[in-house]
Amino acid sequence: MSLSLDARQRAMLAEMGIRLFEPPASDAAVPAPARASPPARATVREQAPARPVEAAPAPPPAFEAAAAPAAGQVPASLDVEAMDWDTLGQAVAGCQACGLCQGRRQAVFGAGDRQAAWMVVGDAPGEEEDLRGEPFAGQAGQLLDNMLRAVGVDRQQGAYLTTAIKCRPPGNRPPAPQELASCAAHLRRQVALLQPRVILALGRLAVQSLLGSTEPLGRLRGGVHEFQGVPVVVSYPPAYLLRNPGDKGKAWEDLCLGLTKLEP
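Residues numbered from 1 in each chain as written. Predicted model: local features only at pLDDT ≥ 70, side-chain atom pairs only at ≥ 80, totals over all residues. Heavy atoms only, no water.

**Topic: the environment of Leu-100**
Counted only if it meets this: Helix numbers and strand numbers start at the N terminus; a helix is a DSSP run of H or I with at least 4 residues, a strand a run of E with at least 2. Relative accessible area decides the class of each residue, using a 1.4 Å probe on protein chains only: under 20% of the type maximum gives buried, over 50% gives exposed, and in between gives partly exposed. In what follows, residue pairs with any heavy atoms lying within 4.5 Å of each other are defined as contacts.
Residue position: Leu-100 is located in the loop between helix H4 (85-93) and strand E1 (111-112). Leu-100 sits in the buried class, given a relative accessible area of 4%. With 70 residues separating them along the chain, Leu-100 and Pro-170 place their C-alpha atoms 7.6 Å apart. When sequence neighbours within four positions are dropped, the list of residues in contact with Leu-100 reads Ile-165, Cys-167, Arg-168, Pro-169, Pro-170, Arg-173 and Glu-179.

Here you go:
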C-alpha cells in the first residue's frame, strides 16, 4: 500500500523530518521521482521570495516631489518678485542659475542701510568680495566709502551697496550675457524692496543691467537716466579710479549730480 501525496504534502513531511518510502523503479503504479529534482525542502524555499509581494507599495514619485523643502531652502516655485529681503538673500546664496555658482566661495548679495536714499550698484565681485561676501571690499571699497562720506552717507547709514553680478567670474573675466541675465531679477527685486531715491551705477555691467545699454560710460555719465521710476546716475567704478586717478574729479561731479535728485 502506498500513499498518494502531492508536492505540498511531501514538502511538509520533509520539513517535519519524516522520510517517505519510495517504491522501486519497476513498480509502475507509482512512478519514482526524477533524480535531478530538488528535495522538498528546497521547493519550499524557492517559494519564499514571493512573500514580499504582500508588503505595502513604495510611495509614487509624485508624493516624493511634493515633500516640503529642507530648512533654509527657498521653494523653486516662489516668485522672485514676491520675496522679502531675507528670502531674497537666501535665494541668491543658493542660486545655481548659471555656471558661476561652481567657482564662488560665497555669493555677494549686498550690504548697507535697507532704508537708504542712495543705492550703489557695481559690476561684479572680485577676489576680496568673494572672500568676504560683501560688495566693494579692499582698496576700491575704501575709496568708495570716502566718496560717499563726502556727500554725507556711508554703507551703514544712508547708502545700500550691491553688484549686478552676485558671483565672482573665474579670474575676474567678463561675465557672459546669460550670466548677467541670471542675476537681473535679483537686482530688480533689490531696487523694488529698497525704493531708493537715486541709483549710482558704477561700471559697464551695472549700466547694462539697469539701463540695458552698451554705450561707453563716458557717453552716459553727465545725464540722469531712469530705472523703475528711480533716477540713475552713471559713473566710473572705484577700481577704475584707482588706476586712473585723473578721473576722480568726474566721479565727484557725478556724485553732485546724484545729490540734486535728493533735493525736495
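**Structural notes on unusual backbone geometry**
Positive phi, close to 60°, is recorded for Asn-172, a residue that is not glycine. A positive phi angle, close to 50°, is found at Gln-195, a residue other than glycine. Assignment of secondary structure puts Gln-195 in the loop between helix H7 (177-194) and strand E4 (198-202). Judged by relative accessible area, Gln-195 falls into the exposed class, the value being 63%.

**Observations regarding the sheet that holds strand E6 (residues 230-235)**
Strand-to-strand pairing in sheets goes through backbone hydrogen bonds, with the strands running parallel or antiparallel. We apply this condition: For two strands to pair, DSSP has to find at least two bridges joining them. Working convention: axes come from line fits to C-alpha atoms, limited for helices to the stretch in contact. Angles between N-to-C directions cover 0 to 180 degrees.
Pairing within the open sheet is mixed, and its six strands lie in the order E1-E3-E2-E4-E6-E5. Each edge of the open sheet is held by one strand with a lone partner, namely E1 and strand E5 (224-227). Sheet analysis places E5 next to E6, joined by four bridges and oriented antiparallel. When the sheet's bridge partners are listed, Phe-227 is paired in E6 with Val-230. Packed on one face of the sheet, H7 meets strand E2 (118-122), strand E3 (159-163), E4, E5 and E6 and runs near 170° to E2. The sheet contacts of helix H11 (residues 248-260) involve E2, E4, E5 and E6, and relative to E6 the element is tilted by about 170°.

**Structural notes on empty space enclosed by the protein**
What counts, and what does not: Any residue with an atom within 4 Å of a point lines the site, the site being either a cavity, points on a 1 Å grid over the protein atoms alone where a 1.4 Å probe fits but cannot get out, or a pocket, an open set with protein on both sides within 12 Å along at least 5 of 7 lines. Grid points are joined across faces, edges and corners, and a volume is the space filled by probe spheres set on the points. The nonpolar class holds Ala, Val, Leu, Ile, Met, Phe, Trp, Tyr, Cys and Pro. Asp, Glu, Lys and Arg form the charged class, and all remaining residues, Gly among them, are polar.
The final tally for this structure, using the stated rule, is one cavity of 30 Å³ or more. As a volume, the largest cavity reaches approximately 80 Å³. Lining the largest cavity, in full, are Val-92, Cys-95, Gln-96, Ala-97, Cys-98, Cys-101, Arg-104, Lys-166, Cys-167, Ser-182, Cys-183 and His-186. The greatest single-element share of the lining of the largest cavity, amounting to three residues, is contributed by H7. Taken together, the residues of the lining of the largest cavity break down into seven nonpolar, three polar and two charged.

**Here's the deal with the nonpolar core**
We apply this condition: To form a nonpolar core, buried Ala, Val, Leu, Ile, Met, Phe, Trp, Tyr and Cys residues must be joined to one another through side-chain atoms within 4.5 Å.
Trp-118, Met-119, Val-120, Val-121 and Ile-199 are the most contacted members of the largest nonpolar core, which has 55 residues in total. In this view, Val-120 contacts Phe-136, Leu-144, Leu-148, Tyr-160, Leu-161, Thr-162, Leu-200 and Leu-202; residues no more than four positions away in its chain are not counted.

**Let's talk about the side chain of Ser-182**
Summarising the element assignment, Ser-182 is placed in helix H7. Judged by relative accessible area, Ser-182 falls into the buried class, the value being 17%. Other than its neighbours up to four places away in sequence, Ser-182 contacts Ala-97 and Cys-98.

**Thoughts on H4**
Defined as follows: Working definition: the arc comes from the directions between the helix axis and the C-beta atoms, pointing outward to the latter.
Residues of H4 that are buried include every one of Trp-85, Leu-88, Gly-89, Ala-91 and Val-92, and no others. Down the axis of H4, the smallest arc covering the buried residues is 160°, so these residues share one side. In this structure, the buried side of H4 is in contact with E3 and H7.

**Notes on the pattern of salt bridges**
The condition that has to hold: We define a salt bridge as a contact between a side-chain nitrogen of Lys or Arg and a carboxyl oxygen of Asp or Glu at a distance within 4 Å.
A complete count under the given rule lists nine salt bridges for this structure. Notably, a salt bridge pairs Asp-130 with Arg-105, separated by 3.1 Å at the nearest N-O pair. Residue Asp-130 is found in helix H5 (residues 127-132), and its partner Arg-105 is found in the loop between H4 and E1; the two are separated by 25 residues along the sequence. Since its relative accessible area comes to 53%, Arg-105 is described here as exposed. Across the salt bridge formed by Glu-215 and Arg-219, the nearest N and O atoms sit 3.3 Å from each other. By relative accessible area, Arg-219 is classed as exposed at 64%.

**Some thoughts on the side chain of Thr-162**
Applicable threshold: By the criterion applied in these results, polar contacts are pairs of N or O atoms within 3.5 Å in which, for protein atoms, one can donate a hydrogen and the other can accept it, and in which residues neighboring in sequence qualify only through two side-chain atoms.
With respect to the helices and strands, the residue Thr-162 is situated in strand E3. Here Thr-162 falls in the buried class, since its relative accessible area comes to 0%. In this structure the side chain of Thr-162 is engaged in a polar contact, spanning 2.7 Å, whose partner is the backbone oxygen of Phe-109. The contacts of Thr-162, once residues within four sequence positions are left out, are Phe-109, Gly-110, Met-119, Val-120, Val-121, Gly-122, Pro-135, Phe-136, Leu-187 and Gln-190.

In short, geometric facts, not functional conclusions.
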